[in-house]
Amino acid sequence: MQNFFGLLLDVATPIAISLFVVLPVVGIGLGVLAAWLILKNVSKKKSEKKLDDTSKRVDEMLSAAKAECKQLRQEAILESKEQDIKRRNEFDQEMKEKRAEQQRMESRLSRQEDALEKKENELNKKSDMLDHQREELSRRTQELSKTQEQVSRQHELMVQELERIAQLTKDEAKKQLTEEILDETRRDCAVQVRTIEQQAKDDADINAKNIISLAIQRCASDHASESTVSVVPLPSDDMKARIIGREGRNIRAIENATGIELIIDDTPEVVILSGFDPVRREVARLTLERLIQDGRIHPARIEETVEKVRKELDQQIKAAGENAMFEVGIFGLHPEIIKLIGRLKFRTSYGQNVYRHSIEVAQLAGLMAQELGLDVNFAKRAGLLHDIGKAVDHEQEGTHIQLGADIAKKFKENAMIVNAIMAHHGDVEPKTIEAVLVQAADAISGARPGARRETGSNYVKRLEKLEEIASSFHGVDKSYAIQAGREVRVIVKPDQVDDAKALFLAKDIAKKIESELEYPGQIKVNVIREFRSVEYAK
């Protein structure tokens with residue numbers, strides 16, 4: 001019995017649990033279903049009510065839209081009618097303007113037709129007049145032709161009569177007349193040229209003398225004598241033997257180390273150093289003076305002294321170049337150019353020290369450029385560098401002008417500086433006024449009294465050549481070179497050279513001197529024509 005009830009309890013328990021779970025779920029579902037049905041009924045009523053309201057609103061909107069459309073259509077009709085009226089008015093106005101323009105054109109054409117008819121009538125009248133004038137011209141032309149034939153015959157008769165009286169043909173008379181006219185014209189031209197030249201010379205001489213005198217007054221330089229030898233004094237003649245050394249080893253060591261030849265002869269207490277390189281000659285001179293002062297003369301000491309003197313001389317050369325640059329007042333030169341300027345201190349030309357000459361030319365060119373209102377720095381720079389080629393002309397082939405131009409190009413100097421260097425002796429045409437001033441300053445520095453010297457034989461040859469050039473021209477009687485060759489006086493034959501030809505003769509002689517003769521400065525050509533009338537009382 002208990003087992004039955006236990007079994008029954010075991011079966012009923014899950015059922016009861018299931019009922020407790022299922023019954024609430026079923027209840028909830030039934031509640032949801034009932035709520036859904038109620039809400040559906042309520043929403044249906046609301047939807048019907050909303051539908052009615054919407055229908056009313058749609059009807060109202062349709063009525064309003066119909067009314068608005070009707071109003072818009074009426075407005076569009078009115079606007080269309082207004083635009084139509086406006087276009088019609090504009091068209092009418094345009095048509096009126098075109099009609100008025102057409103009327104104006106018609107009136108203008110009418111006036112032009114009247115004017116053309118009037119001009120046509122005038123042209124017809126002028127044509128008739130021209131025909132009449134053409135006939136008159138034809139008649140006069142025939143008359144002129146007959147008259148010209150008569151004049152030609154009369155002219156031929158007159159020419160024949162003149163040829164018979166003058167005993168000259170027409171060509172001969174024309175030639176004679178042409179020569180007379182040319183001579184007279186040449187004389188007139190010579191007089192005018194002489195007047196103009198004299199006036200220009202007077203003005204130019206005054207201005208040039210003022211500028212040059214001012215430049216020379218403000219610039220002064222000392223000059224050394226030119227020589228290819230240097231003389232070293234000795235304390236006694238015994239020193240010659242020590243300089244020569246055993247079997248001549250000392251003198252050979254000096255010559256090998258310096259490249260300068262030592263001349264030891266019978267001249268008392270003197271040793272002569274000979275060489276074309278002035279820097280090497282200076283090294284040899286200083287070396288020999290120090291060796292004599294020290295007393296120790298042997299090959300090792302000679303080499304040591306030469307090397308020491310070279311270093312000191314390089315410093316002196318650099319210092320001399322810098323001093324020249326500061327003295328002239330220019331800056332920015334290349335260091336190698338500064339050294340080359342310093343080397344010019346030991347270079348001479350015609351007895352004139354090139355270092356001092358370059359400084360003098362730079363100062364003269366700068367002063368003249370200042371007086372003329374030109375570039376002073378450019379003139380000074382070109383003047384200082386114009387003879388820079390002489391610092392290396394004993395080492396390299398070529399003229400000092402070409403070498404100087406090459407040096408200036410190598411160290412990036414201005415092209416106008418290069419032109420001034422090449423033009424200072426007239427080898428090329430100067431491109432600037434400053435280059436002309438450098439050329440003039442170079443001539444002034446070299447031509448002033450005492451600046452240069454030349455040998456007696458060269459001096460005599462130059463004077464003889466000068467007189468020979470002057471005497472080579474036709475009509476020259478005598479020629480004399482005076483004032484140390486700075487002037488040549490030419491006396492001409494008065495019956496062969498007149499005043500006009502004397503002027504041209506002076507120019508021709510000057511040109512020939514410039515082309516065939518080398519000379520410092522300038523040479524004045526003075527042509528003298530003197531006519532003397534001599535008669536004797538008996």
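This structure is a prediction, so every number in the text was calculated from the model and none was measured. (Residues numbered from 1 in each chain as written. Predicted model: local features only at pLDDT ≥ 70, side-chain atom pairs only at ≥ 80, totals over all residues. Heavy atoms only, no water.)

The next point concerns unusual backbone geometry. With a phi angle near 55°, Glu247 is a residue other than glycine that sits in the positive phi range. Summarising the element assignment, Glu247 is placed in the loop between α3 (238-244) and α4 (249-258). Here Lys412, not a glycine, exhibits a phi torsion of approximately 60°, which is positive. With respect to the secondary-structure elements, Lys412 resides in the loop between α10 (400-410) and α11 (415-423). Judged by relative accessible area, Lys412 falls into the exposed class, the value being 73%. (Helix = DSSP H or I, 4+ residues; strand = E, 2+ residues; numbered from the N terminus. Buried < 20%, exposed > 50% of the residue type's maximum accessible area, 1.4 Å probe, protein only.)

All right, on to α11 then. For α11, every residue scored as buried is listed here: Ile417, Val418, Asn419, Ala420, Ile421 and Ala423. Looking at where α11 begins, the residue whose side-chain oxygen comes 2.7 Å from the main-chain nitrogen of Met416 is Asn414. (Polar contact = N/O pair within 3.5 Å; in protein donor to acceptor, adjacent residues only side chain to side chain.)

It is worth spelling out the packing of aromatic side chains at this point. One pass over the structure, following the stated rule, counts one aromatic pair. A centroid spacing of 5.7 Å and a plane angle of 55° characterise the contact between Phe326 and Phe331, whose relative ring orientation is tilted. Among the residues examined, Phe331 registers a relative accessible area of 54% and is labelled exposed. Residue placement shows Lys512 over the ring face of Phe473; its charged tip is 5.4 Å from the ring centre. (Phe/Tyr/Trp six-rings, centres within 6.5 Å; stacked < 30°, edge-to-face > 60°. Lys NZ or Arg CZ within 6 Å of the ring centre and 35° of its normal.)

With eight of ten residues buried, helix α9 (residues 376-385) is to be regarded as a mostly interior element. Where α9 is concerned, the buried positions are Phe378, Ala379, Lys380, Arg381, Ala382, Gly383, Leu384 and Leu385. With a side-chain oxygen positioned 3.3 Å from the backbone nitrogen of Asn377, the residue opening α9 is Asp375.

This part takes up the packing of helix α5 (residues 278-294) against helix α6 (residues 299-328). Orientation of α5 relative to α6, taken along the N-to-C sense of each, is 125°, at an axis distance of 9 Å. In terms of orientation, α5 lies oblique with respect to α6. The two elements α5 and α6 meet at a crossing, and its hand is right-handed. Every residue of α6 that contacts α5 at Val279, Glu282, Val283, Leu286, Thr287, Arg290, Leu291 and Asp294 is listed here: Arg301, Ile302, Thr305, Val306, Lys308, Val309, Arg310, Glu312, Leu313 and Ile317. Split into classes, the residues belonging to the contact of α5 with α6 amount to nine nonpolar, two polar and seven charged. (Axes fitted to C-alpha atoms, helices over the stretch in contact; angles between N-to-C directions. Parallel < 35°, antiparallel > 145°, perpendicular 65-115°, else oblique. Left-handed = near helix turned anticlockwise from the far one by under 90°. Contact = heavy atoms within 4.5 Å. Nonpolar A, V, L, I, M, F, W, Y, C, P; charged D, E, K, R; others polar.)

With that out of the way, let us pick up the nonpolar core. Proteins that are soluble and globular tend to have nonpolar side chains buried together. Ranked by size, the top nonpolar core spans 42 residues in total, and within it Leu333, Ile341, Tyr355, Leu384 and Leu385 carry the most contacts. The dominant element in this core, judged by the number of residues it contributes, is helix α8 (residues 354-372), at nine residues. In this structure Leu385 touches Leu333, Ile337, Ile341, Glu413, Ile417 and Ile421, once residues within four positions along its chain are discounted. Ranked by size, the runner-up nonpolar core spans 26 residues in total, among them Val232, Met239, Ala284 and Leu288. (Core = buried A, V, L, I, M, F, W, Y, C linked by side-chain atoms within 4.5 Å.)

Evaluated as defined, the whole model comprises 16 salt bridges. Residue Arg139 pairs with Glu143 through a salt bridge whose shortest N-O separation is 2.8 Å. Remark: Glu143 and Arg139 occur in helix α1 (residues 2-166); sequence separation between them is four residues, near one turn of the helix. Here Glu143 falls in the partly exposed class, since its relative accessible area comes to 41%. Taken together, the shared-partner salt bridges connect Glu136, Arg139, Arg140 and Glu143 into one network. (Salt bridge = Lys/Arg side-chain N within 4 Å of Asp/Glu carboxyl O.)

Time to look at the packing of α9 against α11. Two numbers describe how α9 lies on α11: the axes approach to 9 Å, and their chain directions differ by 50°. On the basis of the axis angle, α9 is oblique to α11. The handedness of the crossing between α9 and α11 is right-handed. The segment α9 lies against α11, with Phe378, Arg381, Ala382 and Leu385 engaging Met416, Ile417, Ala420 and Ile421. Partitioning the contact of α9 with α11 into residue classes produces seven nonpolar, no polar and one charged.

Here we come to a negative patch on the surface. The grouping of Glu113, Asp114, Glu117 and Glu120 at the surface amounts to a negative patch. Within the fold, Glu117 resides in helix α1. (Patch = residues over 30% accessible without salt bridge, like charges linked within 9 Å, V, L, I, M, F, W, Y side chains within 5 Å. Areas by Shrake-Rupley, 256 points an atom, 1.4 Å probe, with all protein chains shown as cover. Lys, Arg positive; Asp, Glu negative; His and termini not counted. Charge placed at Lys NZ, Arg CZ, Asp CG, Glu CD.)

The three strands lie next to each other as β6-β7-β8, forming an open sheet whose pairing is mixed. The sheet is open, and its two edges are formed by β6 (476-482) and β8 (524-529), each paired on a single side. Strand-to-strand twist across the sheet, computed as the mean angle between neighbouring axes with direction ignored, equals 20°. The sheet contact formed by strand β7 (residues 487-492) and β8 spans six bridges and is parallel. Within β8, the residue paired with Arg489 across the bridge is Asn526. Docked against the sheet, helix α14 (residues 499-516) engages β6, β7 and β8, running at close to 150° with respect to β8. (Pairing = 2+ DSSP bridges.)

With that out of the way, let us pick up the side chain of Asn250. Its location among the elements puts Asn250 in helix α4. At a separation of 2.9 Å, a polar atom in the side chain of Asn250 contacts the main-chain carbonyl oxygen of Arg242. When residues no more than four places from it in sequence are discounted, the contact partners of Asn250 are Arg242, Ile243, Ile244, Gly245, Ile297, His298, Pro299 and Ile302.

What follows covers the environment of Lys318. Looking at the element boundaries, Lys318 is found in helix α6. Its relative accessible area of 37% is what places Lys318 among the partly exposed residues. Distance in space between the C-alpha atoms of Lys318 and Arg343 is 8.3 Å, their sequence separation being 25 residues.

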